[in-house]
Structure formats: C-alpha cells, structure tokens
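# Commentary on secondary and tertiary structure
Okay, here's what each chain looks like letter by letter:
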Amino acid sequence: MRTDTGQLFRLEDYRPTDYLIPETELVFDLHPERTIVRATLVVQRREGVDISQPLILDGDELKLVSLSINGAPLGENGYQATPDRLEITDLPEENRFTLEIVTEINPTANRQLMGLYRSSGVYCTQCEAEGFRRITYFLDRPDVLSVYTVRIEASKQQAPVLLSNGNPVETGDLGPDRHFAVWHDPHPKPSYLFALVAGSLGSISDSFTTRSGRKVDLAIYVEHGKEARALYAMDALKRSMKWDEDAFGREYDLDVFNIVAVSDFNMGAMENKGLNVFNDKYVLADAETATDSDYAGIEAVIAHEYFHNWTGNRITCRDWFQLCLKEGLTVFRDHEFSADQRSRAVKRIAEVKTLKAHQFPEDTGPLAHPVRPRQYREINNFYTATVYEKGSEVVRMIRTILGPELFRKGMDLYFERHDGEAATIEDFIKAFEDAAGLELSQFALWYEQAGTPNLSVSFDYDAAEKTFAIEFEQSLKATPGQNRKKPMHVPIEFGLIGPDGREIVPVSADGMEVTGNVIHLRQRNETVRFTGIEERPVPSLLRGFSAPVTLASELPREDLIFLARHDGDPVGRWQALTKLLTGKLIAGVKRVRGGKAPLIGVDIVGLVGEIVADETLDPAFRALCLTLPGESDIAREMGSNIDPDAVLASRDALVKAIAVAHAKPFAMLYDALVNRGVFSPDAASAGRRALRNSLLDYLSVAEGNPSRAAAQYHASDNMTDRAAALGVLVHRFGGSESAAAALAAFEARFGGDPLVMDKWFSGQATRPGAAALDTVKDLMRHKLFSLDNPNRARALIGAFATANQTGFNRADGEAYRFFTETILKIDRENPQLAARLLTALRSWRSLEPVRREHARAALALIANADKLSTDVKDIVERTLG
Ligand code: 0A1
Ligand code: ZN
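Worth saying up front: this structure is predicted, and the values here are computed from it rather than measured.

Attention shifts here to the packing of helix α18 (residues 719-732) against helix α19 (residues 737-750). With their axes 9 Å apart at the nearest point, α18 and α19 run at an angle of 140 degrees to one another. Regarding the angle of α18 to α19, the classification is oblique. At the point where α18 passes α19, the crossing takes the left-handed sense. Residues Leu-726, Leu-729 and Val-730 of α18 lie in contact with α19, whose contacting residues are Ser-738, Ala-739, Ala-742, Leu-743 and Phe-746. Among the residues making up the contact of α18 with α19, the classes are represented as seven nonpolar, one polar and no charged.

Structure representation (structure tokens):
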C-alpha cells in the first residue's frame, strides 16, 4: 500500500516523456504466489533528447529479478531500482534499443485489486489508472502508446482459458500440466488498457458482422454454471455494436471481442482493448436473480465499455487531468444509447435524478472539483460523478448549442483528427468549433469552473405591449481553490405555454440570443423579451434539463401545478411536480422541527393521484411521479441544519396522506397491473412493474399491515417484484413476522449466491431508524459477508452510509464511529474502496450541529490514524477542508 504523503500533480506541469515505448512484449509465467513477468520493450529516445537523460520507469510494490539492454545484463551501477521506481542511467547511444525487465509478483496476495490479482482463483488484471506499474516497470501514463504482444503460460488445469488484448495468435502445449497462448493487439495503446485473464471459466459465444463486413467473434466468460445469466449482456453487446455504427459511424476493429465477469472488482467494469473485464454485477442477469434496474444497469455498462473502444481507446487521454475526455463523452454516448433502447423521457428523468443525487452534493461540498481538475494527489479519487455525469452533461450542452447535425460533424472531425492519439479537452472543443464555425471559449468554462451555477429567474408579462420578459441572473459560489467565477454560457431550452395548454410561438425575441427553443444565457444578468404574446404564458424553463444548474424561479404555485399537468416536455412536467413536492416536504420538516405535524394540502395530494391515474401516460413516468423525493433529495434542497429524523417524518406524512386519499384507485390499479405471461425485461414491462411496486408501498402504508407485501413476496416469479416486496416488508414493517419470514425465505433460496444476497444485505442496511446499526454489525458476521469483496462492502456498509439517512446519521454519532473503524479496516487491504466509501461523509457540514460535531470527530479520528493510504488521506483531508 502506498502511504506516502501524496505528491501533488498539476495540469500545468505536463511534459511529454523523453522516451517512448513503441513495442511491448510480455511473457507471463503464471503461478498463484510467484508470477514471473518478462517485459521486452522497444525503447525510443525522442528526437532532441540528450543521451544523458535517464530513463525513469514507474513501479509499485515490484521486485526486480533482472534487467538487460540489447541482450546484455546491466551492471549494478547502471540503474537504481526500488519497488516503486526504476531509473536507468547506463543507456546505449543509439536512439532505439531493447530493454528487458524481469519482475516477480504475487497475484494471490494482491487485495488492492490493482495490477494482476486473483478473483475466485481466476487471474485477472486492472490497470487503470496506475495498475500496470504493479506488473512491470513502465512509462505508466496514458500518452505512451505501445503495440503489445502477450504470451501467457499457465497450468492447464487451473487456467484452461488464457486471454489478453487484441487477436489470438497461437496456443500450444508445454508438457503435462502447462500450456500457453499468444495474443497480439495491433492498435497502439496506453498501459492502462492492458489486460490479462487466465482461469477456469464457462462461456457463451456469438458473433457480429460489422457494416463493412468484418465478422467479430464475441464471447462472455463467467463462473461455470452461470452461462445462461450472460445472455442478456450478450444481447446488449450486439445492440451496442450496431448502435455505434448507426449513431456515430463507429465500427469495431478487431476479430474478437471478449468480456470476462469477475466477482472481485473495485468499479463497474473496464474497457481494456478487446478484453473488457466486468464486475459480475454488470453481466449476470435472469428473471429469478436480477431486478429491472439490474438489467438496465447491465445494458448501460456493457454499452459504456464497448463505446470506449472509440472514445477512450482509439482516442485516449493525454494525461489523467483529461479523464472526462473519455468518461464524460462515453457516459453521454451510453445515455443516448439507453434512451434509444428505452423511453427517452423516462431515461432522461432518471439521469437528472442521478446527477442531482450524486453530482450536485459533490459540487456543493468540500470535494468539489472541475470536470477537468487542475490538480490531484490521488487519481483514483477522481473517478467521480463530476467527471462522469457532469462531464456527460457538458457534452450534451455542446449538442444542444450546435444542434444534432453539427454535433455529429464535430464528432466525426474529432475522430478523424485524433484517431490513434492521446488527446486533450482543447482538441475536443476545437473539433466542434471548426465543424460549426463557432467560438466556444466561454462555453469551455464548464470544464474549468467547479460548482453548480444557480439561475434566479423572474418574469414580467405586459398585456398592453403583448410582451413577455424573462430576467436571468446567474451565480456560482466559491469552491475549494476557486473563489471568483466567471459567468458561463448556459443553454436554456424553453417553451411558453398558453392557458389552453398549447405552445405559444413568439413573434420575436429581443435582448438575448435565442436559437429555436434555446435561450443562450452568457452574462451575469440578462433579460429576454418575447413579442407578440397575446395572453400571459406559463414559461417552462430548462426543458430536458438542458443545463446542470439549479433554478430559483418566481413562478407562482398555480403555474407549477399547471406545468405539472400540461407541460409538453415530460422532464419539465416532472421538474414542476418535484418542485411542488419538495416545497411541501421542506415545509413539513420545519414544522416537525418545531414540534408540529406537517400540514398537507389537498391540491398536491390530488395532483399526484391525477397523474398516477392518467392512462395516457407511460407507467414508468407515472412511477417516477409517484416516487416522492427521497430523504437525501430533501436534505440537499434544504442545504443546511439537516435533521434526518425530521426529514423522514415529513416524507412519511406525505406518503401516508397520498396513500390514504387514493387507497381505492391505487388498489384497483395495483390489481390491473399484475404481471401476465412470462417475465420480459423490456422497458414497457419494467415500467408497469415500477408503477405497481410503488403502489405496493403506498397501499401497505394505507392498510397499515404487511399482508399485501407478504403476499406479493411469496407470489412473485421475478426478482423485481420480490425485492420490492422485501423492501416494503423490511422498511415499513421491519420488526414483523412477515418481514422475518421473507428474509428467511430469501436467504434459503439465494444463500448460495453472494451477488444476489447483496440485495438482502442492502435491504436490511437501509431500514430506517437507529436500530439498523446493530443489524449491520450482525450482518458483518454473516458467512457470506466479507469486507474484502467490494460488492459485499458496498452492499452493506456503502448502502448503510449512503442510503440510510436516519440510521447512519444517528443523533448519538454511534454509526459514524462504527463507520470510521470499518473504513480503517478496509483501508489496510483496499485503499481505493475505503476512500470511495468514505465520501459518504462529504456533506457532514450540512447536518444540524449535534450530528455535525459527531461527524467531524469521526473524520478527525480517521485523519489522525496512522498508516493511512494516500487514497483515504486525500479524501479525509479534503473533506475536513
Ligand atoms: N474506465 C472505467 C472505470 C474504471 C476506473 C478505474 C478502475 O480501477 C479500479 C476500474 C474501472 C469505466 O469508465 O468504465
Ligand atoms: Zn468509462
């Protein structure tokens, strides 16, 4: 584990390397505890670089066995080797030479899951961002591209499957128990895209023919016996390959594409060239074990990793500051793919919810950073919602500003110019500027300035002049390291709605640039005046959530109700309803804090019932409307002095009021939506299940007993309905016999499958209230639980800390103390995981004073612990500020 103080890396310090490595040959002699890696590198001194310049290679916990140049062993005075660095001073005069490095590594002891490690006995690698240096000494940075040839030697019995990047070249026998395989990847790539997998695995295979006629063999490798659970992933892969051809003109470029699912993985998946390695959570699915949201997640992650082949692999990043170049863009691409496969509106609302839940708190808290950070101490801590999700929103805004045709032209130009290169955000923006003939320097501030801009908006209708004016003021608060901010270019999609619900088309727009249905806000204060407006319109702003901003508008309540009923844009409709509900819920929190019961007006209760009953609307959309803002959404909107118990009380009161008022029609709808026929994970069926399961929660509250949920649990033929019923039982009737019986039944049925049991762990960890802490402690002793496995740790500890507001933020601070100890334990094995979990405390300053002090003390405990990893140290120091 790296425990140094953490060097500060700065964007402005970027320098190209003195040496390049055009070719890399690796030979792995795989053994569980002593693997030998022979790396033969063709090294090229860059033109103009003096021969006296040493070659300095990165390492991490490496053991050097031997070193030679052009076939001759290097004398001890010619180099200096430590586990994390190899400096070679005795270099030949010629500018191109061969360097052979032999290292020894221990895959079994590697619990960081970076470099070469073993997951359930299978050898696998994870090299992004800096894991390759745990395999051999290398210029381990994304701007050093090399052509790789890899030979793997391993036990036939332990590792019948031998995979690496690129195309298979040769396989053969090495005596009774050993064999080998050789792979060659013709596409130069950075070391972070290297991968190797060796083990005993089952597989499914298929093929895809690209539009230019290349037949690609596809395979997905999984644990033996789980092959059938990979079929949906395979289907998603083929759809992704086709979609990238249709939507972006991008074809696949190797003869094979392999995916391997492993059970120990720090993130979702990894886009290694031709050999994607996945967390099994994003591959395995069938009706019995996966929920609709698991299916949607698989579809999205399969697509995401596949799309990286062009946005990430063919064009990679010059340095890690440019991470959003591949990530924001690829998230945007996977969002568009899912929108095309499912309901666009519902998908967009889900994206907005995710952005607000994960990225907005990051932007307002101590960990705020720009989409393109300018400095970091630990790059692993920058795989964030800001880089990914806000990065995607920035790309979306480029498309909104340019329109779909010019956007595509810009993308084509970007691919044409930079294929085979390591590029920057400047290169990306320039492609759009040149394609569209536009200047985007103000827009580029979205990459530089951290924080969520706020737009204050007021309106003025002049009946005599028939004009409607909208006045904007944009502001952006200070964030760590950035005190003064410049105004940004904010594209605001809008519509003006007449009293009859129809869109009004203005005669002209003065004062601001308006293109089609987009107002371009560029200055701090600006006013647009629409003319030819016969009647006072209701404005719908930020349609489609066209910019990642907060909106404080003076729109009267009646107008919000009108929009919630009539906005032609479903996102606008949902935003209006959410605003109304949030206002009500916050008012309720304040009353509860003052010792009073929340007041609930009939209008809002009626409005929710009306939308839910509207058969012309997509059931998935109705389900989204019926799901009230969550406790953390309410807390985020309140901003400060949060008392999670009061938040829960307010939310429960509104749920109850809606449930009681509509119990009858809800019950009828619940019955009408019952599953008929065999399970299908398609969006329409999933939407019906989502609505029905949301109704189940309300009905159970109205009825005040667990019977309905228990009946659903036992009658379910699929995991979506079963997990939803279990959720209601555990969260609403936690102490009941019905809840205990369902938990026992779930364990009896799925106790052999840890991935499925994660739902059982999370379900219990998120039961509201102080008692959850003891449950979590008990569950840590469960035979299937292990802090070493990231999925288990996230299912129990992660879910408790991020999705149980009242349980985690107990007023006595006990849960924070438990959390602290657990983070320190995890940090000893897997710093990346520990650091990521620790971000659950990032909003500690917005808590009410008693909890805030407990949280601060817990963070201080971590900060003062000895032997912290650089990962955790970086997060804790920034969180404390
Ligand atoms: N590039 C991957 C994310 C990823 C990043 C780091 C990892 O190291 C543990 C693993 C995966 C993606 O965007 O999917
Ligand atoms: Zn990615």
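So, about the site of ligand 1. Taken together, the residues surrounding ligand 1 are Gln-126, Glu-128, Asn-266, Met-267, Gly-268, Ala-269, Met-270, Glu-271, His-304, Glu-305, Glu-327 and Tyr-383. Of the residues in the shell around ligand 1, the class split is four nonpolar, four polar and four charged.

Time to look at the UniProt feature "domain: Peptidase M1 membrane alanine aminopeptidase" (unreviewed entry) in the protein. Listed under "domain: Peptidase M1 membrane alanine aminopeptidase" (unreviewed entry) in the UniProt record, and renumbered for this structure, are residues 232-443. Helix makes up 56% of residues 232-443 and strand makes up 9%, while its end C-alpha atoms are separated by 39 Å.

In this section: the pairing of strand β10 (residues 115-119). Most of β10 is tucked away: five of the five residues are buried. One ladder, built from five bridges, connects β10 with strand β11 (residues 122-126); its direction is antiparallel. Within the sheet, the bridge partner assigned to Arg-118 lies in β11 and is Tyr-123. Taken together, β10 and the strand that follows it, β11, pair antiparallel across an intervening segment of two residues, in which Ser-120 is found at a positive phi of about 45 degrees.

Turning next to the domain arrangement of the protein. If you check the domain split of the protein, you get domain 1 (1-200), domain 2 (316-448), domain 3 (454-547) and domain 4 (607-640 + 652-880). On a C-alpha basis, the centres of domain 2 and domain 4 stand 30 Å from each other. With 17 residues of domain 2 at the interface, the matching set in domain 4 holds 19 residues. In terms of residue class, the side of domain 2 that touches domain 4 is built from eight nonpolar, four polar and five charged.

All right, on to helix α4 (residues 344-364) then. Helix length check: α4, at 21 residues, gives a terminal C-alpha distance of 29 Å against a target of 30 Å (1.5 Å per residue), a fit within 8%. Bending of α4 peaks at approximately 35 degrees at the position of Lys-356.

A separate point is helix α24 (residues 814-829). One turn of an α-helix holds 3.6 residues; hence residues three or four places apart share an orientation. The end-to-end C-alpha separation of α24 is 24 Å, in line with the 22 Å expected for 16 residues at 1.5 Å each. On the buried face of α24, the contacting elements are α21 (772-779), α22 (790-803), α23 (805-808), α25 (831-838), α26 (849-864) and α27 (870-880).

What follows deals with the environment of Thr-775. Within the secondary structure, Thr-775 is located in helix α21. Judged by local crowding, Thr-775 falls into the partly exposed class, with 19 C-beta atoms found within 10 Å. Taking the C-alpha atoms as reference points, Thr-775 and Phe-761, separated by 14 residues in sequence, lie 9.6 Å from one another. Look past the residues within four positions of Thr-775 in its chain and what remains in contact with it is Gln-764 and Arg-767.

Parameters and conventions
Residues numbered from 1 in each chain as written. Chains lettered and ligands numbered in written order. Predicted model: local features only at pLDDT ≥ 70, side-chain atom pairs only at ≥ 80, totals over all residues. Axes fitted to C-alpha atoms, helices over the stretch in contact; angles between N-to-C directions. Helix = DSSP H or I, 4+ residues; strand = E, 2+ residues; numbered from the N terminus. Parallel < 35°, antiparallel > 145°, perpendicular 65-115°, else oblique. Left-handed = near helix turned anticlockwise from the far one by under 90°. Contact = placed C-beta atoms within 7 Å. Nonpolar A, V, L, I, M, F, W, Y, C, P; charged D, E, K, R; others polar. Near = placed C-beta within 6 Å. UniProt positions renumbered as here; feature names shortened; annotations may be inferred. Buried ≥ 20, exposed ≤ 12 C-beta atoms within 10 Å, placed from the backbone. Pairing = 2+ DSSP bridges. Domains from an automatic or database assignment. Expected span 1.5 Å × (residues − 1). Bend = angle between axes of the 7 residues up to and from the residue.

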